[in-house]
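# Structure assessment
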Amino acid sequence: MPAAAPWPSSTRRTATGEMSIGGVAVTDLAATVGTPVYLVDEDDMRARARRMREAFTDAAGRVGTDAEVYYAGKAFLSRAVARWMVAEGLRIDTASLGELTTALEAGVEGALIGLHGNNKSDAELDLAIERGVGRIVVDSLPEVDRVARVAAVAGVVAPVMLRVTTGVHAGGHEFISTAHEDQKFGLSIHAEDERGQSPAMRALHAILSRPELDLIGIHSHIGSQILDATGFTAAAAALVELRAALERETGHLVGELDLGGGIGVAYLPGEDEPDVAAFARSIVDAVAQACRDTDTPVPHLSFEPGRSIAAPAGITLYTVGTIKDVRLEDGGHRRYVAVDGGMGDHIRTALYGAEYHAELVSRASAAAPVLCRVVGKHCESGDIVVRDVMLPGDIAAGDLLAVAATGAYGRSMASTYNLVPRPGVVAVREGTATTIVRRESVADLLALDLG
Ligand SMILES: Cc1ncc(COP(=O)(O)O)c(C=O)c1O
Ligand SMILES: N[C@@H](CCCC[NH3+])C(=O)O
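About the cut-offs
- Residues numbered from 1 in each chain as written.
- Chains lettered and ligands numbered in written order.
- Predicted model: local features only at pLDDT ≥ 70, side-chain atom pairs only at ≥ 80, totals over all residues.
- Heavy atoms only, no water.
- Salt bridge = Lys/Arg side-chain N within 4 Å of Asp/Glu carboxyl O.
- Helix = DSSP H or I, 4+ residues; strand = E, 2+ residues; numbered from the N terminus.
- Buried < 20%, exposed > 50% of the residue type's maximum accessible area, 1.4 Å probe, protein only.
- UniProt positions renumbered as here; feature names shortened; annotations may be inferred.
- Contact = heavy atoms within 4.5 Å.
- Expected span 1.5 Å × (residues − 1).
- 1 Å grid on protein atoms, 1.4 Å probe; cavity = no way out; pocket = protein on both sides within 12 Å on 5 of 7 lines; lining within 4 Å.
- Points joined across faces, edges and corners; volume = space filled by probe spheres on them.
- Nonpolar A, V, L, I, M, F, W, Y, C, P; charged D, E, K, R; others polar.

### Topic: the pattern of salt bridges
A side chain with one charge can pair with a side chain of the opposite charge if their charged atoms come near. With the rule as written, the count across this model stands at 25 salt bridges. When the shortest N-O distance is used, the salt bridge between Arg422 and Glu440 registers 2.7 Å. Of this pair, Arg422 sits in the loop between β19 (400-404) and β20 (425-429) while Glu440 sits in the loop between β21 (432-437) and α12 (442-447); the two residues are 18 residues apart in sequence, bridging distant segments of the chain. Relative accessible area serves as the criterion here: at 24%, Arg422 is assigned to the partly exposed category. Here Glu440 falls in the buried class, since its relative accessible area comes to 15%. When the shortest N-O distance is used, the salt bridge between Arg438 and Asp444 registers 2.8 Å. In this structure Asp444 comes out as partly exposed when scored by relative accessible area, which is 25%. Where salt bridges share partners, they join Glu42, Arg46, Arg50 and Glu88 into one cluster.

Below, the structure is given as structure tokens:
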């Protein structure tokens with residue numbers, strides 16, 4: 001049977017066609033908090049986090065090691081989300097001062113936080129070291145010195161990993177695939193300098209030469225929205241080989257390998273989500289095989305999924321406004337259904353050509369479906385939320401429309417283009433709605449404007 005639309009797990013429809021999530025009717029929610037609004041099914045997101053942790057720890061246990069899962073906060077982070085993740089046994093991966101501070105302010109211990117960034121600020125490094133962050137993922141050669149200097153001033157030894165690029169291409173759009181060589185992240189394990197050393201190996205040696213740094217691991221993130229494990233298994237083998245080569249050259253056996261995030265999700269009806277347990281087993285088995293091939297012990301493992309935990313647990317709820325039928329050059333029509341948000345709260349369609357699914361969720365309709373394009377209210381013709389979707393032909397102003405699987409990279413990538421304030425986020429669970437991120441107001445935006 002083809003997969004149903006990827007709504008959060010607690011999604012239901014009443015006999016009158018009203019959608020509810022977490023036991024909360026979307027019509028009640030729209031009436032009380034307004035639209036647009038992001039909803040997150042707390043139980044679904046937590047269950048996804050738990051399943052992810054179990055999948056990787058079980059897979060690791062089968063090959064005699066253990067694994068940690070760091071939730072990638074870039075997908076969507078708030079203090080509540082950070083607490084949910086830690087309560088489910090995950091740690092938090094951060095990539096900016098804002099994410100790091102949010103995790104810390106949620107009460108997450110520094111030791112359970114990782115810090116990424118290809119151009120980390122002094123403030124980020126200072127805070128990470130001051131709060132005893134469990135790992136700083138070094139992304140360049142100059143950063144080796146920078147982290148060592150901050151650690152020296154603080155009088156601590158900083159735990160660091162090195163982010164490397166393996167040449168493996170994987171994932172969706174070019175902008176979200178990150179381990180091919182011609183991009184800004186990490187250091188290549190391939191390109192060699194005049195001494196025959198790769199930039200990654202050079203940086204590993206540099207880290208080992210600094211007493212202020214403890215090289216705890218090697219990291220690779222190959223991309224995002226990846227639907228089969230082949231890229232991960234190739235990257236895993238490359239990391240194990242690099243680790244073995246470093247041991248041969250220096251005698252230092254790195255304790256941990258991090259394979260990054262990137263597991264994909266279903267965005268459309270008919271798409272299947274990857275089986276996380278099978279995914280985890282393939283990756284971990286590839287590590288174990290490469291360790292046998294190189295005669296090295298299986299390392300401790302870690303992973304950084306974001307999208308696969310957050311995306312399907314969240315939706316965006318909009319109110320329909322202007323509807324326009326536009327005549328096309330081929331004589332046909334396209335129905336433009338404008339909603340009260342748009343590319344400000346939903347940039348992935350414009351940025352990556354991402355595809356989404358939307359439905360009328362405030363009532364049932366027996367009207368024949370028509371091909372629609374859901375657009376926003378911004379001053380930009382590329383302001384498209386859902387490029388093509390069948391909606392009932394009687395869709396009208398005032399109807400509520402929900403877009404599925406917006407829980408990751410929706411609110412976290414939102415902007416205030418056209419000075420449109422960003423929507424809030426409401427967590428729903430067992431009939432209760434809790435605002436976890438307040439809706440922005442025009443007054444908030446004006447408060448930044450000093451005249
Ligand atoms: C270093 C790193 N870790 C983790 C992630 C999370 O990826 P995803 O949300 O695809 O799981 C990303 C983003 O792609 C990343 O750059
Ligand atoms: N922002 C990307 C994912 C992160 C890519 C970079 N790490 C997306 O919406 O798909």
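### Section: the UniProt feature "modified residue: N6-(pyridoxal phosphate)lysine" (unreviewed entry) in the protein chain
What UniProt calls "modified residue: N6-(pyridoxal phosphate)lysine" (unreviewed entry) maps, in this numbering, to Lys74. Relative to the helices and strands, Lys74 resides in the loop between β5 (67-72) and α3 (79-87). For Lys74, a relative accessible area of 32% puts it in the partly exposed group. Once residues within four sequence positions are removed from consideration, Lys74 is found in contact with Asp93, Ala95, Glu99, Tyr409 and Ser412.

### Brief notes about helix α8 (residues 230-250)
Taking 1.5 Å of rise per residue, the 21 residues of α8 would be expected to cover 30 Å, and the 30 Å separating its terminal C-alpha atoms lies within 8% of that figure. Taken residue by residue, α8 has Gly231, Phe232, Ala235, Ala236, Ala238, Leu239, Val240, Leu242, Arg243, Ala244, Ala245 and Leu246 as its buried positions. Considering only its buried residues, α8 is in contact with β9 (158-165), α7 (199-208), β11 (213-219), β12 (256-258) and α9 (276-294). Positive phi shows up at Gly251, right after α8, with a value of about 85°.

### A closer look at empty space enclosed by the protein
Evaluated as defined, the whole model comprises three cavities of 30 Å³ or more. Taken as a whole, the largest cavity holds about 80 Å³ of empty space. Looking at the largest cavity, the residues that line it are Tyr38, Leu39, Val40, Met45, Phe76, Ala310, Gly314, Ile315, Thr406, Gly407, Arg411 and Val425. Of all elements in the fold, only β4 (37-41) and β14 (314-327) reach the threshold of two or more residues within the lining of the largest cavity. Looking at the lining of the largest cavity element by element, the count peaks at three residues for β4. Classifying every residue of the lining of the largest cavity gives eight nonpolar, three polar and one charged.

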